[in-house]
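Below, each chain spelled out in residue letters.
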Amino acid sequence: MSPNRRDFIKFVVAGAVASGCPVELALFAAPVGASLSIEGEENKICHQVRDGKVFSRPPASAKHDVVIVGGGMSGLTCAYLLQNRDFLLLEKEPYFGGNAYSTEYEGQAYGTGSAFADAQVVVDFAKEVGLEPLPVNNFDATIVNGEFVADTWGDGIDKLPYPPPVREAFKKFRTEMLAIDYSKRETELSNLPAPDLLKGYPQELKAWWDSFGASSWGARSEDSPASAIVQQAQWMSAPDRKDDRYTWPGGLGALSKRLVDVLQPKHPNRMLTNATIVSVVTEKDGVSVTYMDGADLKTVSAKAVIMATPKFITRRIVEGLPDKQSEAMHQIRYIPYPVVNLIFDKPVFNHGYDTWCPGNSFTDFVVADWVIQKQPGYQQKFNILSCYTPMKEEERGYLLNETGARKIAGNVLSDFQKLMPSLNVDPVEVYIYRRGHPMDMSTPGLYTRVQPLARQPLERIFFANTDSEGPASATSEGIHAAERAVKEVEARLAGKPTPAQKALAG
């Protein structure tokens, strides 16, 4: 794109990136070349926590049954399940939702993170809180070599614009994946590196799974467990398959928003944002939680605490973790994962819901309003395409400043416009939402060895969040983790052995 064309596009940069701390939450950029206004939170406290500073703890000003640390989907679910208790929910960002957070452009919703639900637990939970899930009903497409291919691993596999030997390799791989008895070999496959599965196949197949893995479970093929690829290949290829995914405009941000709408009117004083936790300490008769409230440190006491935060944060602020448990948390790796939304004021692409683009600066893109396009009377005012842009761990630093983030967004736009001639259209706005550590990487042994140790209850402290479960980071696992942690808390408050203690006993 020429510099003159780029000058008329507005770039907006937002999101927290550094060490899980709130930094520069709203870098609203004017068009390239114009003045730039930078707003956002101060990150000194977060960096001090990261670097091991010990903060003073003022006396507890309040006591609660349960303090929930982290207001993403897992923390919100805990709060919903604990409404009969005196709970306090603390969230470091100025809003709830975590990775499941959506925003709007002139009234049209689009996602900045989690896109869809692919598990019954999410569908059932959404219905319980009064949100009817909308079916996706469209298997994933691919754009490669300038061509759009619908239903990549179904009917589209014969239409992939590769040389015949490469196309045959894709078909052979599909046949081999379908022949695996996943239920019998799940543990073995969870510990097996994915490269063993892809050995002997052409680079084009590896590139496809590199894109899919990085976007879906946080790891390219060299870091993935074989189980992740087998499970997804079987879902996309099975003869009797059904697309059982559901979503809403704005993705799973619609579900987190619904939870906030249900909880906040009933419990306005129990849900605090802009509360950065600095320490969680087990005391003789409870747990003390110290957090920043504006410029002041505050401490509250609780009979139990649920840490619904990523483990790389958890291990820094929870005192007294056993060495093995702390090391297990430390073994969990996280990728930087911005999402770039391209906002067009006319239809540009409505051919499929989720389309894969191997070999580009982004892996896939989602049509934001896909599930309501066919509703009677609906007219698409803006065609908003959410480009998922997982990065490698060593590239995290590019997100730390406005210049690096804008360059990433610019690369995504350029690559998108080169995919096909019909996509060489300028958007009215490019919105990049930065996340530095949002998704844990599904690596060999994570699900079978690391996560079970990382989530073990510690006296009165219990562990939720999507990285507590497996086999991949997903909203369903965040909900499962919340349900488990709440059961453990209820058992502890009732003076009964927790489910984990019962399992160990016998």
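Going by the structure above, here's the rest.
Values in this document were obtained by computation on a predicted structure and should not be read as measured data.

### Some remarks on the environment of Ile68
Right, on to step 1. Following the sequence through the fold, Ile68 ends up in strand S3 (residues 60-69).
Right, on to step 2. Overall, Ile68 belongs to the buried group, its relative accessible area being 0%.
Right, on to step 3. Aside from chain neighbours lying at most four places away, what touches Ile68 is Gly75, Cys78, Ala79, Leu82, Phe87, Leu88, Leu89, Leu90, Ile306 and Ala308.

### Remarks on the layout of surface pockets
Right, on to step 1. When its volume is computed, the second largest pocket comes out at roughly 400 Å³.
Right, on to step 2. Partitioned by chemical class, the residues of the lining of the second largest pocket number 6 nonpolar, 8 polar and 5 charged.

### A closer look at the pairing of strand S8 (residues 141-144)
Right, on to step 1. The side-chain alternation of S8 yields two buried faces, one formed by Ala141 and Ile143 and the other by Thr142 and Val144.
Right, on to step 2. Pairing of S8 with strand S17 (residues 354-356) involves 2 bridges; the strand directions are parallel. Among the inter-strand pairings, Thr142 is bridged to a residue of S17, identified as Trp356.
Right, on to step 3. Here 3 bridges tie S8 to strand S9 (residues 147-149), and the two strands are oriented antiparallel to one another. By the bridge assignment for S9, Thr142 is matched with Val149.
Right, on to step 4. Remark: 2 residues form the turn of the hairpin made by S8 and S9, two consecutive strands paired antiparallel; Asn145 in that turn has positive phi of roughly 50 degrees.

### Notes on the packing of helix H6 (residues 182-191) against helix H9 (residues 226-237)
Right, on to step 1. Between H6 and H9, the least distance of the axes is 8 Å, while the angle of their chain directions is 145 degrees. Counting all contacts with H6, which are made through Tyr182, Glu186, Leu189 and Ser190, the residues of H9 involved are Ala226, Ser227, Val230, Gln231 and Gln234.
Right, on to step 2. The residue inventory of the contact of H6 with H9, partitioned by class, reads 4 nonpolar, 4 polar and 1 charged.

### A closer look at the packing of aromatic side chains
To describe a pair of aromatic rings, one takes the distance between the centres and the angle between the planes.
Right, on to step 1. Per the stated rule, a full pass over the model turns up 27 aromatic pairs.
Right, on to step 2. Between the aromatic rings of Trp208 and Phe212, the centroid separation amounts to 5.3 Å while the plane-to-plane angle is 15 degrees, which identifies the pairing as stacked. On the criterion of helical spacing, the pair formed by Trp208 and Phe212 is a turn pair, its members being 4 residues apart in helix H8 (residues 203-217).
Right, on to step 3. For Trp208, a relative accessible area of 2% corresponds to the buried category.

Definitions and cut-offs
Residues numbered from 1 in each chain as written. Predicted model: local features only at pLDDT ≥ 70, side-chain atom pairs only at ≥ 80, totals over all residues. Heavy atoms only, no water. Helix = DSSP H or I, 4+ residues; strand = E, 2+ residues; numbered from the N terminus. Buried < 20%, exposed > 50% of the residue type's maximum accessible area, 1.4 Å probe, protein only. Contact = heavy atoms within 4.5 Å. 1 Å grid on protein atoms, 1.4 Å probe; cavity = no way out; pocket = protein on both sides within 12 Å on 5 of 7 lines; lining within 4 Å. Points joined across faces, edges and corners; volume = space filled by probe spheres on them. Nonpolar A, V, L, I, M, F, W, Y, C, P; charged D, E, K, R; others polar. Pairing = 2+ DSSP bridges. Axes fitted to C-alpha atoms, helices over the stretch in contact; angles between N-to-C directions. Phe/Tyr/Trp six-rings, centres within 6.5 Å; stacked < 30°, edge-to-face > 60°.

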